Structures are given as C-alpha cells and as structure tokens.
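Coordinate analysis (summary)
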Amino acid sequence: MSAVSLPADFMVWLASAEAAFLKGRYVWTNWDVGEILARKEEISANPNLLTMMLQGLTTEW
Amino acid sequence: MYFHPSTPLLPIDDQSTPRVSNHLSSVWHCQNKSTTPIPNMATRFPPRFTSLLHHTSYPTISPLRLALSASGKTIVISGGGTGIGSSIATSFARAGASNIGIFGRNETSLVTSAAAVRTVALESTKVAYTVADQVDAVATNAAFETLAKELGPIDVFIANAAYLPTPAPAATQDPAAQADFWRAFEVNVKGLQHACSAFLANAGERPMLINVSAGFVHLPTAAQVPGLGAYVASKAAADRYVQALAKEREELHVVSVHPGRVQTEMAARRGVKAPDDGEYADKM
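None of the values given here were measured: they were computed from a predicted structure. Along each chain, numbering runs from 1 in the same order as the chain's sequence is written. Think of it this way: whatever chain is written first is A, whatever ligand is written first is 1, and the rest follow in order. Owing to the predicted nature of the model, reporting of local features is limited to residues with pLDDT of at least 70; listing and counting of side-chain atom pairs is limited to 80 or more, with chain, interface and lining totals taken over all residues.

Here we take up unusual backbone geometry. Residue and element names in this part refer to chain A. With a phi close to 60°, Leu50 is a non-glycine residue in the positive phi region. Inspection of the secondary structure assignment puts Leu50 in the segment after helix 3 (40–45). Here Leu50 falls in the buried class, since 20 other C-beta atoms lie within 10 Å of it. Runs of E in the DSSP output that reach at least two residues are strands. Runs of H or I that reach at least four are helices, and both are numbered from the N terminus. With C-beta atoms placed from the backbone, a residue is labelled by how many other C-beta atoms lie within 10 Å of its own: buried for 20 or more, exposed for 12 or fewer, partly exposed between the two.

Printed below as a string of structure tokens:
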C-alpha cells in the first residue's frame, strides 16, 4: 500500500515542465521520477512506449 | 516558502520498498516470451518501469521543489473533497498554485478540504469549491463556469472523481448489481465526458488533463481481481475516451496515471485492497 502523499505529490510533478515529455503516456506513481527522467530520450524516441496497445504488432504510428 | 538549493535530486529509497533487480524489472516487459520465469506475487506488484519504486513521497516530487512550482497555474480537481483528490489539492497548494478549485457532490467534504488547502496555501492563492455531481452535465458545466469566473481560465484539470461499485461477478444477473455496474459507467465515463467538455470550454490556452486511471486497465487477465469487472471496464473506457480527446485536441496535454494502491474510504467500504479514489463512495 502507498501513502496518499505519493499520488498527491506525483501529480504536481506530472503537471510540471519536467514531465512535459510524458504527454500522451500512462505512468504509475510508484515509479521513480529520477529514473523516468533518465529515460527521457528513450521514451520520446518511442511513441508507443508507456501507451496501451496490442502487443506483438509490427506497424508503428 | 520554497526550498531549492539543498534539495537532493536523487530520491531517497524508502524503507518499505527495497530496490529490486533489473532482472525482475525486465521480466514484466518480456512476459510474452515463453522462457520468461514467472515472478511471484511479491515481485509482480507494482509493475515496474523503473527499478526503484516508491510508496510514499520523496524529495524529487516534493511540491516545495522550485522546479515543480505551480505558481501562475489554475488547477481544478474533481472529487476534491476527500481521499486522493483532497490530498492532490493540498500538494498543489504547497507548490504555490495561484488558483485551486475543487468540486464534488458532498459540500461538507468540500468545505473541510478547502479549509485544509487554505492552511498550507500562499496568502495570494485563491481556493474555491463548488458542489456538482459530474453525472449531471448541466451542473458540471455550471461548476466549471463558476470556478473559471472566480479563478480564471483553467490550466490543469485533474479528473480524479470515480465510482467503485460493490464487487460483483461480471456475469451477475442480480438487478441491483447490474444497476451498480452501470453506475460505474455513468460516473467514470459519462461523468468524465461531462467534466472534460466543461473543462475545455473554460480552459486556458495550453490545457492539461491528468486522467486518474486504474492500473488494472492495462494489466493482463492473470493480474485481474474477480468482482471488479464494472470498475475496470469503465476505467478502461475512460482511458480510451481521453485518448480520443488527445487525438482531436492537439493543444491538450493528456496524461493518464495510476495513483497507486492507497487505502481510501472508497476502497475500504468496498473491502477492496487495490483501489483508486474518488468521492463517489461518500453516499453509496
């Protein structure tokens, strides 16, 4: 279980300029923001990462 | 008010969440390979994108960090009277948001929540609440108009209100359970559409929608919990709905978030241990 402070503070980060690159993505509050930021380029380069879609398809948008 | 220079940028690992290995983190993303070992339940949750996991706030996401300042922003939160919604409002107040608006069905909760937000907000921050059930389109639109009139164009809408039905079999034929099934869709989908539409009609130039989702919507069948079909189905529909909005409104910044397993009153009343939150539990 998580303390309510986790989702509450995470939303502030999510609304900040630091998290602008997560537009259109799906994230969990449990994930470490430092590590998410470290993977910023990887996420931005892959439009399907952290989105809901059928796995195993080869076509990309 | 703000502290900045001494804030460590690297998070502190909280005691309750031991660091897990990269091997395990890769397991989750490779489960379609037949050779992948099946992790036990303790290592399955939460599904991880990062090796370090958190169960409480930490310095990197502290609202007092200068880089996270919400100064100049107008924030509106549905279901802001209780649970996670109320705490979100408080966090934005600590982040120095210029205007904070909350709405929900229960005025008593809203008054209490607004007062709590007021205690941590800057003197200059405006805090407002209005009573509205998002299932009611007219009332929801009026709520956003009232908040925008009082606070100005809305920059960020946090769609937090939700309804968690009493757990019931997905194939239930009990009329009350079937009505409850539909109630989830009324609040979590129809109500969301009402709220998002009203938000966009009263939004600033660069609107942001934070969709408080439920991780169940993208977890495999093996990870589902029996009895939550109505909730999960409605939250899945909600996620597709905000994706549709994102497609049509390029200027709209949409992001979905699983809030974590927080034991709120809504969940407690349903005896569910993996809840999200919303004020709709109040009177149900």
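A separate point is helix 5 (residues 137–151) of chain B. Residue and element names in this part refer to chain B. Given a rise of 1.5 Å per residue, 15 residues ought to cover 21 Å, and the 21 Å separating the end C-alpha atoms of helix 5 matches this to within 8%. Among all positions in helix 5, only Thr140, Ala143, Phe144, Leu147, Ala148 and Leu151 are buried. Taken end-on, helix 5 shows its buried residues confined to a sector of 125°, consistent with a single buried face. Turned more than 90 degrees from where helix 5 packs its buried face, Val138 and Lys149 sit exposed. Against the buried residues of helix 5 lie strand 1 (74–78), strand 2 (99–104), strand 3 (126–131), strand 4 (154–159) and helix 6 (175–201). Count one or two residues on from helix 5 and you reach Gly152, which has phi positive near 100°. To estimate how far a helix should reach, multiply one less than its number of residues by 1.5 Å. By definition, the arc is the one covered by directions from the helix axis to the C-beta atoms. A pair of residues counts as a contact when their C-beta atoms, built from backbone coordinates, are separated by no more than 7 Å.

Below, the discussion takes up the pairing of strand 3 of chain B. Residue and element names in this part refer to chain B. In short, DSSP must find at least two bridges between two strands for them to pair. Pairing analysis gives six bridges linking strand 2 to strand 3, with the strands arranged parallel. Counterpart to Gly101 in the pairing with strand 3 is Ala128. A right-handed crossover is one whose linking path, passing over the helix from the first strand to the second, runs clockwise when the strands point away from the viewer. Assessed by its sense of winding, the connection that carries the chain from strand 2 through helix 4 (residues 107–120) to strand 3 is right-handed.

An order of 1(A)-6(B)-5(B)-4(B)-1(B)-2(B)-3(B) is seen for the seven strands of this open sheet, with the pairing classed as parallel. Of all strands in the sheet, those bounded by a partner on one side alone are strand 1 (26–28) of chain A together with strand 3 of chain B. On average, each strand axis in the sheet is tilted by 20° relative to the strand beside it, whichever way the strands run. Strand direction decides the pairing type here: strand 5 (residues 203–212) of chain B and strand 6 (residues 253–258) of chain B, joined by five bridges, are parallel. For B:Asn211, the partnering residue across the bridge sits in strand 6 of chain B and is B:Ser256. Axis definition: a line fitted to C-alpha atoms, limited for helices to the stretch in contact. Angles are taken between N-to-C directions and run from 0 to 180 degrees. Here helix 4 of chain B sits on the sheet and contacts strand 2 and strand 3 of chain B; the angle it forms with strand 3 of chain B, its principal contact strand, is near 175°.

Let us look at the confidence of the model for chain B. All names here are of chain B. For every residue, the predictor assigns a confidence score, pLDDT, that lies between 0 and 100. In the predicted model, chain B carries a mean pLDDT of 84, and the fraction of residues at 70 or more is 79%. When the criterion is pLDDT under 50, residues 1–39 qualifies, and its contacts beyond four places in sequence or with other chains add up to 55 contacts. Within the model, pLDDT remains below 50 along residues 274–284, and this stretch shows 50 contacts once partners closer than five positions in the same chain are excluded. The ipTM for the predicted assembly is 0.97, set against a pTM of 0.84.

Next up on the list: the nonpolar core. Grouped together as the largest cluster of nonpolar side chains are 72 residues, with contacts concentrated most on A:Leu14, B:Phe92, B:Ile158, B:Phe199, B:Leu209 and B:Ile210. At seven residues, the largest contribution of residues to this core is made by helix 1 (residues 5–14) of chain A. Ignoring anything within four residues of it in the chain, the contact list for B:Ile210 reads A:Met11, A:Leu14, A:Ala15, B:Val156, B:Ile158, B:Ala159, B:Val255 and B:Val257. Core analysis: the second largest hydrophobic core is formed by 13 residues, B:Ala184, B:Val217, B:Ala230 and B:Met266 among them. For our purposes the nonpolar core covers buried Ala, Val, Leu, Ile, Met, Phe, Trp, Tyr and Cys residues that link as a set through C-beta atoms within 7 Å.

Okay, helix 6 of chain B next. Residue and element names in this part refer to chain B. Spanning 27 residues, helix 6 covers 37 Å between terminal C-alpha atoms, matching the ideal 39 Å at 1.5 Å per step. Of the positions making up helix 6, those classed as buried are Phe181, Ala184, Val187, Asn188, Gly191, Leu192, His194, Ala195, Cys196, Ala198 and Phe199. On its buried face, helix 6 is in contact with strand 1, helix 5, strand 4, strand 5 and helix 7 (229–248).

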